Amino acid sequence: MDQIILQILNGLDKGSAYALIALGLTLIFGTLGVVNFAHGALFMLGAFCAVTLSRILTISHTVIDETKKDFLGNPLKVEVPYVNDWFGETTGQAIIDIVLQEIVKYYYGANQIPTPAPEAFIGSFDFGALIGMDPGSIIYPYWRIVYFCFAMVLIGAVFAFLQFTTFGMVVRAGMADRETVGLLGINIDRRFTVMFGIAAAVAGLAGVMYTPINPPNYHMGMDFLVISFVVVVVGGMGSLPGAILAGLVLGILESFASMRQVI
C-alpha cells in the first residue's frame with residue numbers, strides 16, 4: 001500500500017509538469033490555431049534560468065567580486081531571425097528549438113546539472129505518520145509537494161483569469177468564433193498575442209520550479225514536449241480541463257510503469 005501511495009505522489013508531481021506544458025500548448029492552439037513546437041524549449045530555458053541564478057547566488061557567497069565578473073563574462077546576445085518566413089511555420093519553430101538547445105549545450109555542457117532546492121525546503125515529509133501508517137513508510141521530499149501546490153495554484157490562476165475577467169471572456173469568445181468577435185471591433189489578435197505570452201510564461205515557470213526535481217539538460221524540453229503532445233491529444237485538442245486531467249493521469253501511469261520495470 002505504501003508503494004502505491006508513493007507512486008501516486010510521484011506521478012502527481014511529474015504529471016503537474018506535463019499539465020503545465022500541455023496547458024500552454026492548448027492555449028496557443030486554441031487561440032492562434034498552431035502547434036508550438038518550440039514550447040518545450042521554453043520549459044528548458046526556464047530550467048537553465050534557475051541554474052544560472054543558483055550559480056550566481058553561490059558565487060556571490062563564496063568568491064570575490066572580480067571572480068563574479070569573470071563568471072558572468074560578456075552577456076550572451078543571440079538574434080534569431082524570423083525563420084518562419086523562410087522555412088514555414090512548423091519547420092521554423094523546430095529550427096528555433098534546435099538552435100536554443102545547441103546554445104544551452106555549448107554554454108552548459110551536455111550533462112545534467114544537479115540544482116538543489118532552496119534550503120528552507122530541503123528535507124522530506126513523513127506521509128506515513130500523517131495518514132496513520134507506520135512512521136517512515138512514506139517519505140516524500142518537501143520540494144515535490146511545493147511543486148505540485150505551485151502547479152495547482154498556477155493552473156487555477158490561468159483558469160480564473162479566463163473565466164472571471166473581461167479579457168478572458170473575450171479570449172474565450174474569440175476561441176469559439178474569431179470572426180464574429182472581430183466584427184464587433186475587438187482586436188482579438190492582440191489578445192491572442194497576450195495569451196501566447198502567458199502560455200510561454202507558464203512553461204518557463206514550470207521549468208524553473210522543476211529544476212530541483214529533474215536536473216536540467218539541454219534536451220529536457222523535447223523530452224517533456226513529446227509527452228505533452230500526447231497529453232493534449234488525449235485530453236482533447238483545445239480543451240484546457242482535458243489537458244490538465246490527462247497530464248496528471250499520464251504522470252501517474254508513467255510512475256506506476258517505472259515501478260513495474262524496477263520490480
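Parameters at a glance
Note that residues are indexed from 1 along each chain, following the sequence as it is written. Since the coordinates come from a predicted model, pLDDT governs what is reported: local features require at least 70, and pairs of side-chain atoms require 80 or more to be given and counted, while whole-chain, interface and lining totals use all residues. The side-chain values count all of the structure's non-hydrogen atoms but skip hydrogen atoms and water molecules. Secondary structure is summarised from DSSP: a helix means a run of H or I of at least four residues, a strand means a run of E of at least two, and numbering begins at the N terminus for each. Any two residues whose heavy atoms approach within 4.5 Å are treated as being in contact. Computed by Shrake-Rupley with a 1.4 Å probe, the accessible areas treat only the displayed protein chains as cover when residues are assessed. Residues form patches when they are more than 30% accessible in relative terms and have no salt bridge. Like charges link within 9 Å. Nonpolar side chains (Val, Leu, Ile, Met, Phe, Trp, Tyr) link within 5 Å. In what follows, salt bridge is the name for a side-chain nitrogen of Lys or Arg lying within 4 Å of a carboxyl oxygen of Asp or Glu. Buried means the residue's accessible area, taken with a 1.4 Å probe over protein chains only, is under 20% of the maximum for its type, while exposed means over 50%, and partly exposed covers the values in between. What makes a nonpolar core is a set of buried Ala, Val, Leu, Ile, Met, Phe, Trp, Tyr and Cys residues whose side-chain atoms join them at distances within 4.5 Å. Axis geometry follows a simple rule: fit a line to the C-alpha atoms, using only the stretch in contact for helices, then measure angles between N-to-C directions, giving values from 0 to 180 degrees. Oblique is the label for every angle not falling under 35 degrees (roughly parallel), over 145 degrees (roughly antiparallel), or within 65 to 115 degrees (roughly perpendicular). Note on convention: the crossing is left-handed when the near helix lies turned anticlockwise from the far helix by less than a right angle, right-handed when the turn is clockwise. Under the convention adopted here, Pro, Cys and the residues Ala, Val, Leu, Ile, Met, Phe, Trp and Tyr are nonpolar, Asp, Glu, Lys and Arg are charged, and Gly plus all remaining residues are polar. Two rings from Phe, Tyr or Trp (for Trp, the six-membered ring) form a pair when their centres are within 6.5 Å of each other. A pair whose planes differ by under 30 degrees is stacked, one over 60 is edge-to-face, and the rest are tilted. What a helix is expected to span follows from its residue count: subtract one and scale by 1.5 Å.

Undergrad: What exactly am I supposed to notice about the overall build of the protein here?
TA: A tally of regular secondary structure across the protein gives 12 helices and 2 strands. At a minimum sequence separation of 6, the contacts of the protein that also span at least 24 residues come to 73%. Of the roughly 14,200 Å² of accessible surface on the protein, 65% is carried by carbon and sulfur atoms.

Undergrad: I'm lost on a nonpolar patch on the surface in this one. Help?
TA: Residues Met1, Ile4 and Ile8 make up a contiguous nonpolar surface patch of about 290 Å² in total accessible area. Met1 sits in the exposed class, given a relative accessible area of 64%.

Undergrad: Is there a simple way to explain the nonpolar core in this structure?
TA: Across soluble globular proteins, you tend to see nonpolar side chains buried next to one another. Counting 52 residues, the largest nonpolar core has Leu20, Leu23, Leu27 and Tyr147 as the members making the most contacts within it. When contributions to this core are tallied by element, the ones reaching two or more residues are α1 (2-32), α2 (39-62), α5 (89-108), α7 (142-164), α8 (166-176), α10 (188-210), α11 (220-235) and α12 (240-262). For this core, the element with the highest residue contribution is α1, accounting for 10 residues. Listed in part, the 6 residues of the second largest apolar core include Ile5, Leu9, Phe127 and Ile138.

Undergrad: Sorry if this is basic, but what is going on with the packing of α1 against α10 here?
TA: The description of two helices packed together rests on the angle between their axes and the distance between the axes. Relative orientation of the contacting elements α1 and α10 amounts to 165°, with a least axis distance of 9 Å. Classified by the interaxial angle, the pair formed by α1 and α10 is roughly antiparallel. Along this stretch, α1 crosses α10, giving a crossing that reads as left-handed. Within the contact between the two elements, α1 uses Asp13, Lys14, Ala17, Leu20, Leu23, Gly24, Leu27, Ile28, Thr31 and Leu32 and α10 uses Phe192, Met195, Phe196, Ala199, Val202, Ala206 and Tyr210. Residues belonging to the contact of α1 with α10 are distributed by class as follows: 13 nonpolar, 2 polar and 2 charged.

Undergrad: What am I meant to see in the pattern of salt bridges here?
TA: If the charged atoms of two oppositely charged side chains come close together, the side chains can form a pair. Within this structure, the stated rule accounts for 3 salt bridges. A salt bridge links Asp13 to Arg144, with the nearest nitrogen and oxygen atoms 2.8 Å apart. Of this pair, Asp13 sits in helix α1 while Arg144 sits in helix α7; the two residues are 131 residues apart in sequence, bridging distant segments of the chain. When its relative accessible area of 23% is taken as the criterion, Arg144 is described as partly exposed.

Undergrad: What should I look at first to understand the packing of aromatic side chains in this one?
TA: Aromatic ring pairs: the centre-centre distance and the angle between the two ring planes describe each pair. The final tally for this structure, using the stated rule, is 10 aromatic pairs. Ring plane angle 50° and centroid distance 4.8 Å describe the contact between Phe48 and Tyr108, whose orientation is recorded as tilted. Of this pair, Phe48 sits in helix α2 while Tyr108 sits in helix α5, placing them 60 residues apart in sequence. Their ring planes at 45° and their centres at 6.2 Å tell us that Tyr147 and Phe150 sit as a pair that is tilted. One end of the pair is Tyr147 and the other is Phe150, both in helix α7 and 3 residues apart, which spans about a single turn. Like Tyr147, the residue Phe150 is buried in the burial classification. Aromatic ring contacts, followed pair by pair, group Tyr18, Phe43, Tyr147, Phe150, Tyr210 and Phe224 into a single cluster.

Undergrad: Any chance you could explain α7 here in plain terms?
TA: The α-helix winds at 3.6 residues per turn, so residues separated by three or four positions along the chain end up facing the same way. In a regular helix each residue adds 1.5 Å, so 23 residues correspond to 33 Å; α7 covers 32 Å between its end C-alpha atoms and thus fits that length. Among the residues of α7, those classed as buried are Trp143, Tyr147, Phe150, Ala151, Leu154, Ile155, Val158 and Leu162.

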